[in-house]
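One letter stands for each residue in the lines below.
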Amino acid sequence: MFGSLWQILYIAIFVTTLYAFIEALRTPAQAFPAMDKQTKGLWTGLLGVGTFVSLSAALGFFGMFSFLALAAALIYLLDVRPATRNVGRSDGPYGPW
């Protein structure tokens, strides 16, 4: 019973880290230093390694390290992404029309 619960938790961590990694890849590089949030290379590297570690945990390896990957993904999603979200976009005040 607890084995399947851990497996579900590791899969959820993998999905979270993969989403954060994709969002970091989509963010323009100039947005990171503009908002004092390190560099795009650092975040994509960190989240890429975290995605690999969390995938390994979902497959049965490196289980305890997946929580470090989750911490990096949550920091990115809750702090960096909201700050860099609108930098470099030319949308008007009412959206892209």
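So, how was this worked out
Residues numbered from 1 in each chain as written. Predicted model: local features only at pLDDT ≥ 70, side-chain atom pairs only at ≥ 80, totals over all residues. Heavy atoms only, no water. Salt bridge = Lys/Arg side-chain N within 4 Å of Asp/Glu carboxyl O. Helix = DSSP H or I, 4+ residues; strand = E, 2+ residues; numbered from the N terminus. Buried < 20%, exposed > 50% of the residue type's maximum accessible area, 1.4 Å probe, protein only. Phe/Tyr/Trp six-rings, centres within 6.5 Å; stacked < 30°, edge-to-face > 60°. Core = buried A, V, L, I, M, F, W, Y, C linked by side-chain atoms within 4.5 Å. Contact = heavy atoms within 4.5 Å. Axes fitted to C-alpha atoms, helices over the stretch in contact; angles between N-to-C directions. Parallel < 35°, antiparallel > 145°, perpendicular 65-115°, else oblique. Left-handed = near helix turned anticlockwise from the far one by under 90°. Nonpolar A, V, L, I, M, F, W, Y, C, P; charged D, E, K, R; others polar. pLDDT = per-residue confidence, 0-100.

A few words on the pattern of salt bridges. Going through the model one piece at a time under the given rule, you end up with three salt bridges. For E23, the salt bridge is made with R81, and the minimal N-O distance between the two is 3.0 Å. Of this pair, E23 sits in helix α1 (residues 2-26) while R81 sits in helix α4 (residues 66-84), and the two are 58 residues apart along the sequence. For E23, a relative accessible area of 10% gives the class buried. By relative accessible area, which is 16% here, R81 ends up buried. Taken together, the shared-partner salt bridges in this structure form one network comprising E23, R26 and R81.

Quick look at the packing of aromatic side chains now. Inspection of every chain in the model, using the stated rule, returns five aromatic pairs. Considering the side-chain rings of W6 and Y10, the 5.9 Å spacing of their centres and the 35° angle between planes classify their relative orientation as tilted. Of this pair, W6 and Y10 are both found in helix α1, four residues apart, which corresponds to roughly one turn of the helix. Since its relative accessible area comes to 43%, W6 is described here as partly exposed.

Core analysis: the biggest nonpolar cluster contains ten residues, these being A20, A24, F32, W43, L47, A72, A73, Y76, L77 and V80. Residue assignment for this core shows that the elements contributing at least two residues are α1, α3 (40-58) and α4. Among the elements that make up this core, the one with the highest residue count is α4 (five residues). Those residues in contact with A72 that lie beyond four places of it in its chain are W43, L46 and L47.

At a closest axis distance of 8 Å, the pairing of α3 and α4 adopts a crossing angle of 140°. In terms of orientation, α3 and α4 fall into the oblique class. Taken as a pair, α3 and α4 cross one another with a handedness that is left-handed. Here α3 contributes W43, L46, L47, G50, V53, S54 and A57 to the contact with α4, which in turn contributes S66, A69, A72, A73, I75, Y76 and V80. When the residues that make up the contact of α3 with α4 are grouped by side-chain class, the tally is eleven nonpolar, three polar and no charged.

What follows is about the confidence of the model for the chain. Atom-level detail of predicted coordinates should not be read off regions where pLDDT is low. The predicted model of the chain has a mean per-residue pLDDT of 88, with 88% of residues at 70 or higher. Model confidence for the chain, summarised as mean pLDDT per element, is weakest for helix α2 (residues 31-34) at 86 and strongest for α3 at 95.

The next point concerns the environment of V49. Mapped onto the secondary structure, V49 falls in helix α3. Taking relative accessible area as the criterion, V49 reaches 53% and is therefore assigned exposed. Between the C-alpha atom of V49 and that of A69, which follows or precedes it by 20 residues, the distance is 7.8 Å.

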